[in-house]
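The primary structure of each chain is shown beneath.
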Amino acid sequence: MLNGNIALGIDTGGTYTDGVLVDLFSQLVITKGKARTTHENLTVGINNCLEILKNQSLRLHGELFSNIKLVALSTTLATNAIVEGKGGEVGLLLLGHGIEGPVPTGHVMEVAGGHDIKGREKQPLNLEGVRRALLAMKGQIDALAVSGYLSVRNPVHELMVRDEAERILNIPVVCAHQLTTALGFYERSVTAVLNARLLPTIAELLESVRKVLNIYGIEAPLMVVKGDGSLMSENVTREKPIETILSGPAASIIGATFLTGRKEAVVVDMGGTTTDVASLEAGMPLINPEGAIVGGLLTRVNAARISTFGLGGDSELWLEKGKLKIGPQRVWPLCVAVSSYPHLLGELNRVFNSDRKTKEVSGGQPWDCYILLKQPDAKNLSPVEKQVIDVLRIAPHNIFTIASLLEKDVSLLVLKSLVDREIVARASLTPTDLLHVRGDYSQWDCRGAEVGARIQAWRLKRDLDQFTDEALKAVERRIAGSLLQSLLNDSGSRMDIFKEALLKPFIERILGINTDQFQCMVKLDKPIIAIGAPVKNFMPRVAALLNTELIIPEHAEVANAVGAATGQVMEQFEILIRPSPEGGFIVHAPWERKDFMELIDAVDYAGSEGEKYILNRAQKAGAAAVNVTVTREDIYSNTAQKWDEELFVETRIEVMAVGRPRWKDENKGGQNYVDSW
Amino acid sequence: MFSFEEIQSAVMAGDMAKVADLTRQAIEEKVEPAAIINEGYIPAMNVVGKRFKNGDMFVPEVLMAARSMNTGMELVKPLLVEGEVQAKGTVVLGTVKGDLHDIGKNLVGMMIESGGYDVIDLGIDLEPEKFVAAVKENKPQIVGMSALLTTTMLAMKETIELLKEEGLRDGLKVMIGGAPVSKEFSDEIGADGYAPDAASATELVEKLINA
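Quick summary incoming for the structure in this document. Quick caveat, the model's predicted, so the values are computed rather than measured.

1. Side note on the overall build of chain A
- The helix and strand inventory of chain A stands at 19 helices and 30 strands.
- Here the C-alpha atoms of chain A give a radius of gyration of 28 Å, agreeing with the 26 Å that 2.2 N^0.38 yields for 677 residues.
- Each of the three principal axes of chain A carries a C-alpha extent, and together these read 85 × 70 × 60 Å.
- Counting across all 677 residues of chain A, residues that qualify as buried make up 56%.
- When the accessible surface of chain A is totalled, it reaches about 28900 Å², and 50% of it is carbon and sulfur.
- Here chain A contributes 73 positive and 83 negative side-chain charges, whose respective centroids are spaced 4 Å apart.

2. Quick word on the sheet that holds strand 6 (residues 107–111) of chain A
Residues and elements named next belong to chain A.
- One open sheet holds the 4 strands; their spatial order is 6-5-7-8, and the pairing between them is parallel. Either end of the sheet is taken by a strand with one partner, and the two such strands are strand 6 and strand 8 (173–175). Sheet twist, expressed as the average angle between the axes of neighbouring strands with direction ignored, equals 20 degrees.
- Two strands pair when backbone bridges link them, and strand 5 (residues 90–95) and strand 6 are joined in this way by 5 bridges, in the parallel orientation. By the bridge assignment, L95 is partnered in strand 6 with V111.
- With respect to the sheet, helix 3 (residues 127–137) is in contact with strand 5, strand 6 and strand 7 (143–148), its orientation differing from that of strand 6 by roughly 170 degrees.

3. Concerning the pattern of salt bridges
- Counted under the stated rule, the structure contains 56 salt bridges over all chains.
- For K504 of chain A, the salt bridge is made with E508 of chain A, and the minimal N-O distance between the two is 3.8 Å. With K504 of chain A and E508 of chain A both in helix 16 (residues 504–510) and 4 residues apart, this pair spans about one turn of that helix.
- Close ionic contact of D125 of chain B with K97 of chain B constitutes a salt bridge, the shortest N to O distance being 3.7 Å. Highlighted residues: D125 of chain B in the loop between strand 2 (118–121) and helix 6 (128–138) and K97 of chain B in the loop between strand 1 (90–95) and helix 5 (103–114), separated in sequence by 28 residues.
- Judged by relative accessible area, which is 34%, K97 of chain B ranks as partly exposed.
- When salt bridges that share partners are traced, they join R153, R578, E650 and R652 of chain A together with K157, E161 and E188 of chain B into one network.

4. Quick notes on the interface of chain A and chain B
- Contact with chain A, which involves 28 residues of that partner, is made by 21 residues of chain B.
- For the chain A and chain B pair, buried surface summed over both sides reaches about 2100 Å², with 52% attributable to carbon and sulfur atoms.
- Counting the surface chain A buries against chain B, the share from its top three residues, I117, W643 and L647 of chain A, is 24%.
- Counting across the chain A and chain B interface gives 6 salt bridges.
- Put simply, E165 of chain B and R188 of chain A hold a salt bridge, and the shortest N to O gap is 2.4 Å.

5. What about the nonpolar core?
- In this structure, I479, L483, M539 and L546 of chain A are the most contacted members of the largest nonpolar core, which totals 76 residues.
- No other element matches helix 15 (residues 464–490) of chain A, which puts 10 residues into this core.
- Sequence-distant contacts of L483 of chain A, that is, excluding residues within four places in its chain, are made with V266, V268, V277, I528, M539, V542 and L546 of chain A.
- If you look at the next biggest cluster of nonpolar residues, it comprises 59 residues, including L183 of chain A together with A155, I160 and V174 of chain B.

6. Quick look at the packing of helix 9 (residues 343–352) of chain A against helix 14 (residues 446–459) of chain A
Residue and element names in this part refer to chain A.
- At a minimum axis separation of 10 Å, helix 9 and helix 14 run at an interaxial angle of 15 degrees. On the basis of the axis angle, helix 9 is roughly parallel to helix 14. Considering only the axes of helix 9 and helix 14, their crossing is left-handed. Contacts between helix 9 and helix 14 involve L345, L348, N349, V351 and F352 from the former and R447, G448, V451, R454, I455 and W458 from the latter.
- Classifying every residue of the contact of helix 9 with helix 14 gives 7 nonpolar, 2 polar and 2 charged.

7. Overview of the packing of helix 6 of chain B against helix 7 (residues 153–165) of chain B
Residues and elements named next belong to chain B.
- At a minimum axis separation of 9 Å, helix 6 and helix 7 run at an interaxial angle of 45 degrees. Taken together, the axes of helix 6 and helix 7 lie oblique to each other. When the axes of helix 6 and helix 7 are compared, the crossing they make is right-handed. Residues P128, E129, F131, V132 and V135 of helix 6 lie in contact with helix 7, whose contacting residues are E158, T159, L162 and L163.
- Of the residues in the contact of helix 6 with helix 7, the class split is 6 nonpolar, 1 polar and 2 charged.

8. Quick word on the environment of L545 of chain A
Residues and elements named next belong to chain A.
- With respect to the element layout, L545 can be found in helix 17 (residues 535–545).
- Taking C-alpha positions, L545 is 8.6 Å from K523, a pair spaced 22 residues apart along the chain.
- Apart from the residues lying within four places of it in its own chain, the contact partners of L545 are E476, R477, A480, I510, L511 and V522.

9. Observations regarding the side chain of D228 of chain A
Residues and elements named next belong to chain A.
- Residue position: D228 is located in the loop between strand 9 (222–225) and strand 10 (231–233).
- Polar contacts involving the side chain of D228 include one to the side chain of S230, which spans 2.8 Å.
- Other than its neighbours up to four places away in sequence, D228 contacts A250, M284, P285, I287, N302, A303, A304 and M570.

10. What to know about the pairing of strand 11 (residues 265–270) of chain A
All names here are of chain A.
- Within strand 11, 5 of the 6 residues are buried, which leaves it mostly tucked inside the rest of the structure.
- Two strands pair when backbone bridges link them, and strand 11 and strand 12 (residues 275–281) are joined in this way by 6 bridges, in the antiparallel orientation. In the strand pairing of strand 12, V268 is matched with V277.
- Hairpin connection, strand 11 to strand 12: the antiparallel pair is bridged by 4 residues.
- Note that strand 11 and strand 23 (residues 528–531) share 4 bridges and pair parallel. From the neighbouring strand, D269 faces strand 23, where its bridge partner is I531.

11. Considering helix 7 (residues 247–260) of chain A
Residues and elements named next belong to chain A.
- The end-to-end C-alpha distance of helix 7 is 20 Å, a good match for the 20 Å that 14 residues give at a rise of 1.5 Å each.
- For helix 7, a buried count of 12 out of 14 residues is recorded, marking the element as mostly surrounded by other parts of the structure.
- Within helix 7 the residues assigned to the buried category are S247, G248, A250, A251, S252, I253, I254, G255, A256, T257, F258 and T260.
- Where helix 7 ends, the next residue or the one after it, G261, has phi of about 75 degrees, a positive value.

12. A look at helix 1 (residues 4–13) of chain B
All names here are of chain B.
- Those residues of helix 1 lying buried are I7, Q8, A10 and V11. For helix 1, the buried positions fall inside an angular range of 165 degrees around the axis, keeping them on one side. Those residues of helix 1 that are exposed and aimed more than 90 degrees away from the buried face are E5 and A13.
- Backbone geometry just after helix 1 places G14 at a positive phi near 75 degrees.

13. Focus on the sheet that holds strand 2 of chain B
Residue and element names in this part refer to chain B.
- What the 5 strands build is an open sheet, ordered 2-1-3-4-5; its pairing is parallel. Two strands close off the open sheet at either side, each with one partner strand: strand 2 and strand 5 (193–195). On average, each strand axis in the sheet is tilted by 25 degrees relative to the strand beside it, whichever way the strands run.
- Bridge count for strand 4 (residues 173–177) against strand 5 is 3 bridges, and the pairing is parallel. Within strand 5, the residue paired with G177 across the bridge is A195.

Rules and cut-offs
- Residues numbered from 1 in each chain as written.
- Chains lettered and ligands numbered in written order.
- Predicted model: local features only at pLDDT ≥ 70, side-chain atom pairs only at ≥ 80, totals over all residues.
- Heavy atoms only, no water.
- Helix = DSSP H or I, 4+ residues; strand = E, 2+ residues; numbered from the N terminus.
- Rg over C-alpha atoms; globule rule 2.2 N^0.38 Å.
- Buried < 20%, exposed > 50% of the residue type's maximum accessible area, 1.4 Å probe, protein only.
- Areas by Shrake-Rupley, 256 points an atom, 1.4 Å probe, with all protein chains shown as cover.
- Lys, Arg positive; Asp, Glu negative; His and termini not counted.
- Charge placed at Lys NZ, Arg CZ, Asp CG, Glu CD.
- Pairing = 2+ DSSP bridges.
- Axes fitted to C-alpha atoms, helices over the stretch in contact; angles between N-to-C directions.
- Contact = heavy atoms within 4.5 Å.
- Salt bridge = Lys/Arg side-chain N within 4 Å of Asp/Glu carboxyl O.
- Buried area = accessible area lost by both parts, 1.4 Å probe.
- Core = buried A, V, L, I, M, F, W, Y, C linked by side-chain atoms within 4.5 Å.
- Parallel < 35°, antiparallel > 145°, perpendicular 65-115°, else oblique.
- Left-handed = near helix turned anticlockwise from the far one by under 90°.
- Nonpolar A, V, L, I, M, F, W, Y, C, P; charged D, E, K, R; others polar.
- Polar contact = N/O pair within 3.5 Å; in protein donor to acceptor, adjacent residues only side chain to side chain.
- Expected span 1.5 Å × (residues − 1).
- Arc of directions from axis to C-beta.

See below:
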C-alpha cells in the first residue's frame, strides 16, 4: 500500500493520451495507462485515461487519487493550434520599426518609438499615436501583442504601451521582451502574436482539465511542460502559452532521464514515421539556440534541440537504380494491409509468381497496394484518379490489379497526388515487415510481409534471409548515421555526413559498409537511451556500431507522461553589462536598462536584483525548494599580437533558478537556496 | 603593338600615366575591354597582393598600383557592354562608428574590386544603422567592417547584433579587419571571418562567397 505523495503526469500526444502515477518519495512509476487522444476535445481523452489509471491503481494498490499532490500536463495543443491557425483575434503594435514577412494576424499598426543597439532611445515613444492605435483596434481584438525595436536592450517603451493598453482596452497584453531576450525583431513580434493568440485556447484547456480533475477529486497544483522540458504553473501558462510548444519531445527526454537515472545521454525516440534524436546534458535537453519553428514560423521560444529523421518502423523500403533506399515516405506496412484486407495476399502472390515482379512501376514498387481512406471531392480529381477511386471504393488492391481492372498500363497510373492528399494510403515494404519476416514480431500478418520481401529479394538477386538481414542492417546503419549526424549538428557543424564526399570513405567504414584496407571506429562517450516501439530490435546493433551502452528503460512507452510528472521548474535569463561609449557601464536586464559609473556596482546590482527577480519568477512558476545560481563571466578578447592588449567585451550575468514543483498543501516557496559567485 | 605584359608591369609599378597610355592604345587596337581587365589588370593585382603578403611590397606601393588600375578602369568601363563583365558578388565595406581610419579599408576595397567584385564603400565613422541600410539597399553577399582602435572594435559586435535584430544576418557573411583585430575577437563577436591584411581579405571574400 502506497500512501506517500504522488504526481500525476499526463501527455496528450498525436495518437495517444498517456497517463502515469509516480510516487514522489520512492521515485517509482506506480501505474500507467493509455487512451486515444480526442483531437476535437482533449479532455475526453484525458478523462478516459484517468479512468484507466483509477481502475488500475484501485485494483493494484487501493485508493491513491487522494494522495495526488501534483498534476503535470504535456500537450501538443498549442503546437496544433498554431499549425491550424486557430486562436483569438490579436492586435500587433510595433514600436519604431515596420515588419516585412508574414505575421499571423491582420491587425498590425506601427508607431514611433524604439531603441538603438545600446538601449538608448532611438526616437521618443509617440504616446498620442499609441492611444490612437489602441482605440482603432478596440473591440476588434481579444489580446494585444506589443513589440518594440530592440526592446531586449531596453524594455521601457513596451512597458509604457502595456500600461496604456491595459487602461484603454482592458484586455490581456503581451510584451515581446517578456517572452524572450533574443535579438530578432521579426521573430520576437511573431512570438508575441502567437502567444497572444493562444491565450484563450490554453485558458480553455486549463479550465476543462480542472473540471476533469474535479470529477476525480484531484485538487493538486497543475503544472504544464515547456518546450525545454521544465515545468510552469497554471498561472504562468495562462500568460505564456507559447512556452508549451514542442513540449512533447522535451517531456520524453526528461522522462528518459528519470527512468534511467542518467544525466548525460543521447535520447533516441523511434516512431512509425520519424526518429527523433536529442542530447541530454546535466539532466536537461540541449536548447535550440535559434528558437523553435512552428507551423513554418520561426519563433524565439526556447525549445529542446531535436533532430528529426524521416526513418521509422513504417518508412518505405524502396529500390532506386538497383539500390535499396529507406524512407522518408511513410507507408502502411504490407503486414498491416494484409491483416486488414486478406485478399491482398493473393494479389501479392500473383505479382511474385508472374513477370509483374520484373516490372518498373513509376512512382512506386510492384508490391504496392492502395487503400481508400476517405471519399474525396470529385471536382478536384483527374479522370484517371476518379476511375482509381471507383475501383478502390469496392476494395483495396495491388497496383497491377488496379491497372488490369482499368485496362490501363501500370505506368500510366500515378497515384502520388492521391497519397499526398491523404485520399488513399499506399502499403509497401517497411522495416516493420522485415521484423515480421525475421520472426521478431507477429502482431500482423507475416505472410503479407514475406511475399513483399520475397519480391524485393528476387529483384536484388538474394534469397529471403539474406535480403532481410541486409535490409535490416541497412536500417540500423541509417539510424547510427542519423545519430552521428545529430551529434555533429550539436557540435555546431553543418556537414551532412550522408552527402559530404570527403567523409564518405570514413563514414562507410564506421558504419561497416566498407572494410577495405582499414577500419574506422567511433566511440560515443555517453549511453544511448532508446524509447519507442521498434527500438529493441534495431538499437542493440546501432549501439554496437557506435561503441556505447544501450539503455531501453521500462515504461519507455509512457516516457512523455513520466517526463511531465517528474519535471522540474527552471527559470533562467542573462543580464549583459557593457562598457558605455560615454564612459561607465550599461546594465541590460530583462526589466530595465541602467547606467553605472563602476563595473563593480553594475555587477552588484545585476546580481542582487537578478536574484530577487528570478526568485519571484520561479515562485510564480510554481517552484519550491528553489536553488538560485548567479554566475558571472567576464568576456575579454585578445587583440592582434603586436597590440598585446586585452579588450573587455562584456560581462554576462547568468541567473538561474531550479526547484521542484510545489505540492498540494505546501507553503509557498519552501526553503530557498542562493549560490552566488 | 599592345601587350598584356606591359600593362601588367605598369600596374605593378603603380605608374598611372603609363597605365592610362597603354589602356588607350589597347582600346585603339580594338582589344576586348573585358580582356584588358581580366588579362591585364587583375593578374597584375594578384601579383601585387601576393608580394604585399610576403612583405615584398608596402602599403604605399600597393595603393599606387591599385590607383593606377583604377585610372585604366575609368577608361575601360564606359566601353563595357552591360553585363559583359559580371561581378562575382557584392561587398559592402566601411569603417565602424567612432573610427576615422580609412587607408586599410580603402586598400581592402581596391583589392577586392580588382578580384572581380562590386564594392560599395560606405566610408568611415559608420553607425550600425548605416551598415543595415546599405545591406537592405544593395543586398550584398558580404559585409566588411574595419576598425583600427581597440575602443571602436566593439562597434563591430554591435553592428552584427543590429543585423540580427533586423533579420539580415542569415545568409549574409560578415568579415572584419584592422590592425588590432584578432581571430579570437572575430569568433567572439560571431563574424564569419577575419583577414590580417588586404591581400588575405580578397582570399577571404572568395572563401566566404564559395562557402
